[in-house]
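# Residue-level structural notes
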Amino acid sequence: MSEYDVIVVGGGNAAFCAGLAAQEQGAKVLMLEAAPEDEAGGNSRFTAGSIRVVYNGVEDIKTLIPDLTDKEIEETDFGTYTAEKFFDDMAMVTQNRANPDLVELLVTKSFEALNWMREKGVRFIPIYGRQAFKIDGKFKFWGGLTVEAVGGGPGLINMLTASAKKRGIEVRYATRAIDLLHTGNRVEGVRVRHDGNDSEIKAKSVVLACGGFQANPEWRTRYLGPGWDLAKVRGTRFNTGDGIRMALDIGAGPCGNWSGCHAVQWEMNAPEFGDLAVGDQFQKHSYPFSMLINATGKRFVDEGADFRNYTYAKYGRVVLEQPGQFAWQIFDQKVKHLQRDEYRIRQMTKVTGNTIEEFAAKLEGVNAAEFVKTVTEWNKAVRTDVPFNPNIKDGRCTQGLAINKSNWANTLDAPPYEGYAVTCGITFTFGGLRTNIDGEVLNTDYQPIRGLYAAGELVGGLFYFNYPGGSGLCAGAVFGKIAGTSAGRATKN
């Protein structure tokens, strides 16, 4: 039976931040990753690597990205993303339900956490490709997202893995934690399974950072509701809720939005789980500039209610609720140039047509006659007198429709028309464990379970209903660092 100071269960962004923070406290750290090495990295590896962070101008960006060139600075309006704006965004998307203590940590520690990651060897760059449009010769960022890890999610995991191994942190792959070892109210290690054999590993502290339960169809149906077993899983197949289950089994308190999740519009014919070769490119996130229709040939949601960053995580659920669990995103050539890179991959379900009638007949599963009628009514309803501007909520809306579009409405009249079929892709679940501001897991009496900490997607109470883009990786970094620091310090006592 081997012994460590701190065991971190998980192998994604939150887990590595916890491991690095514990090691910084002088702890001997072991990380347990359920996936084999070629699939390791949790959901973090499947992300685009965007991280929401507070910054007050270009000087802060230069701190995070010291190799920013003079030309980039000259050609870019980075603007600001203040703590006040981050607080407002969290309040707006979670309908003021989020735990205020957790939100305060997320917001106020975000810049510090990213600088700490940079010191550990993680490099960042501006998100020119997806979060900035060029207006009057200058790139302008929008929606509160400005920086991403070099190489996206895979790059982030590679950099964190290299940093951990350089510092002597052991990572065991294909090793699933199955139970917590505990006596009374103290955790003393974990029981693991590797190559079909069970063994016990002792430790003074355990940090659970192994994600939500989105890859568990039984739990999805139990907690999210009927039909959720039919959703595609965007990320890793290994996030089945084991960390949550192990903690609940020893009396941990559940917390948060257990019937809620982050779910997006996802390629209709994507595989059951994420494909690392494709990464997050199955997503289809240019829908604010499209018309969304369902099998009845009618629109069902306000595509332009807000910037993509503030609606994409909840619109997957809306698509899942449509007949047949699918929808089509409709574009014409006026907005073709605004489509993100994921609209150019090979693995997608796409149709085109030169007339609306020809196009309508190609939209599989859709009532073609109703769709033609929808387009006719739509074209009459667009406020063409309002200027179109993709960088702001431009107020270019429709009027008089059953469901109006609030921003970025354009007539559909510039062929060839394009349709992209989407279904629901679930990213992560919002329900999880109750923790305090030190990352300690609390029991059902709201008392800390000694030796047990949590970080990342299995922490409950932070996200409700919806999610501001990039805040997941930020939360993983902030709470991973906090949990790891607390776990490491506790081993000295």
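In this convention, every chain numbers its residues from 1, walking through the sequence in written order. The predicted nature of this model means local features are confined to residues of pLDDT at least 70 and side-chain atom pairs, given and counted, to a pLDDT of 80 or more, with totals for whole chains, interfaces and linings taken over all residues. Based on all heavy atoms of the structure, the side-chain values leave hydrogens and waters out of the count.

For the rest of this paragraph, the subject is the packing of aromatic side chains. By convention, a stacked pair of Phe, Tyr or Trp rings (six-membered ring in the case of Trp) has centres within 6.5 Å and planes under 30 degrees apart, an edge-to-face pair has planes over 60 apart, and any other such pair is tilted. The final tally for this structure, using the stated rule, is 25 aromatic pairs. Taking 6.5 Å as the distance between ring centres and 45° as the angle between the ring planes, the aromatic pair formed by Trp219 and Trp258 counts as tilted. Placement of Trp219 in helix α9 (residues 217-224) and of Trp258 in the loop between β14 (254-255) and β15 (261-267) is noted, with a sequence separation of 39 residues between them. In this structure, Trp219 and Trp258 share a single accessibility class: buried. On the numbers, 6.4 Å between centres and 65° between planes, the contact of Tyr312 with Tyr467 is edge-to-face. Note that Tyr312 is positioned in helix α11 (residues 308-320) and Tyr467 in the loop between β22 (448-454) and α14 (471-490), a separation of 155 residues in sequence. By the burial criterion, Tyr312 is buried, and Tyr467 matches it. Helix and strand definitions follow DSSP, with helices as H or I runs of at least four residues and strands as E runs of at least two, each counted in order from the N terminus. Only protein chains enter the calculation, and the probe is 1.4 Å; a residue is then buried if its accessible area is under 20% of its type maximum, exposed if over 50%, and partly exposed in between.

Along the polypeptide, Asp229 turns up in the loop between α9 and β13 (232-233). Spatially, the C-alpha atom of Asp229 lies 30 Å from that of Leu442, the residues being 213 residues apart in sequence. Pairs of residues are marked as contacts when any of their non-hydrogen atoms sit within 4.5 Å. The contact partners of Asp229, leaving out residues within four places of it in the chain, are Pro217, Arg220 and Thr221.

Position of Asn239 relative to the elements: it lies in the loop between β13 and α10 (242-249). Relative accessible area serves as the criterion here: at 7%, Asn239 is assigned to the buried category.

A few words on α9. For α9, the set of buried residues is Trp219, Arg220 and Leu224. Buried residues of α9, seen end-on, are gathered within an arc of 105° and therefore sit on one face of the element. For α9, the elements touching its buried residues are β13, α10, β15, α11 and β19 (417-429). Two to three positions downstream of the cap, the backbone nitrogen of Glu218 sits 3.1 Å from a side-chain oxygen, assigning the N-cap of α9 to Asn216. Immediately downstream of α9, the backbone of Gly225 shows phi near 120°, a positive value. Throughout, the arc means that of the directions going from the helix axis to the C-beta atoms. Side-chain atoms alone can form a polar contact between residues adjacent in sequence; in general such a contact is a pair of N or O atoms within 3.5 Å, and within protein one must be able to donate a hydrogen while the other accepts it.

The term salt bridge refers to a pairing of a side-chain nitrogen on Lys or Arg with a carboxyl oxygen on Asp or Glu at a separation within 4 Å. In this structure the tally under the stated criterion is 32 salt bridges. For Glu75, the salt bridge identified is with Lys71, shortest N-O distance 3.0 Å. Linking Glu75 with Lys71, this pair stays in helix α3 (residues 70-75), spanning 4 residues, or about one helical turn. Given the relative accessible area of 54%, Lys71 is considered exposed.

What follows covers the nonpolar core. Ile7, Leu208, Leu452 and Phe479 are the most contacted members of the largest nonpolar core, which has 128 residues in total. A per-element tally of this core places α14 first, with 9 residues. If near-sequence neighbours (up to four positions away) are discounted, Phe479 is found in contact with Leu102, Leu105, Leu106, Ala454, Ala455 and Leu462. We define the nonpolar core as a collection of buried residues of types Ala, Val, Leu, Ile, Met, Phe, Trp, Tyr and Cys that are connected through side-chain atoms lying within 4.5 Å of one another. Ranked by size, the runner-up nonpolar core spans 22 residues in total, among them Ile330, Val351, Ala409 and Tyr417.

What the 3 strands build is an open sheet, ordered β3-β8-β5; its pairing is antiparallel. In the strand order of this sheet, the two ends are held by β3 (50-51) and β5 (124-126), each with one partner. Pairing between strands requires that DSSP locate at least two bridges from one strand to the other. In the sheet, β5 pairs with strand β8 (residues 147-149) via 3 bridges, with the strands oriented antiparallel. What sits directly across from Pro126, in β8, is Val147.

What follows covers the packing of helix α6 (residues 110-119) against α14. Think of each axis as a best-fit line through the C-alpha atoms, taken over the contacting stretch in the case of a helix, with angles from 0 to 180 degrees between the N-to-C directions. Close contact between α6 and α14 brings their axes to 9 Å; oriented N to C, the two are set at 80°. With respect to α14, the axis of α6 lies roughly perpendicular. When α6 is examined against α14, the residues Ser110, Glu112, Ala113, Trp116 and Met117 are found in contact with a partner set consisting of Cys474, Ala477, Val478 and Lys481. For this scheme, ten residues count as nonpolar: Ala, Val, Leu, Ile, Met, Phe, Trp, Tyr, Cys and Pro. Four count as charged, namely Asp, Glu, Lys and Arg, and the remainder, Gly too, count as polar. Residue classes in the contact of α6 with α14 are distributed as 6 nonpolar, 1 polar and 2 charged. If an angle is under 35 degrees, it is roughly parallel; if it is over 145, roughly antiparallel; if it lies from 65 to 115, roughly perpendicular; otherwise it is oblique.

With that out of the way, let us pick up the sheet that holds strand β6 (residues 132-135). If you trace the 3 strands from one edge of the open sheet to the other, you get β4-β7-β6, paired in mixed fashion. Here the strands that pair on one side only, and so sit at the sheet edges, are β4 (76-77) and β6. Looking at chain direction, β6 and strand β7 (residues 138-141) are connected through 4 bridges and run antiparallel. In the sheet register, Phe133 faces β7, and the bridge partner there is Lys140.

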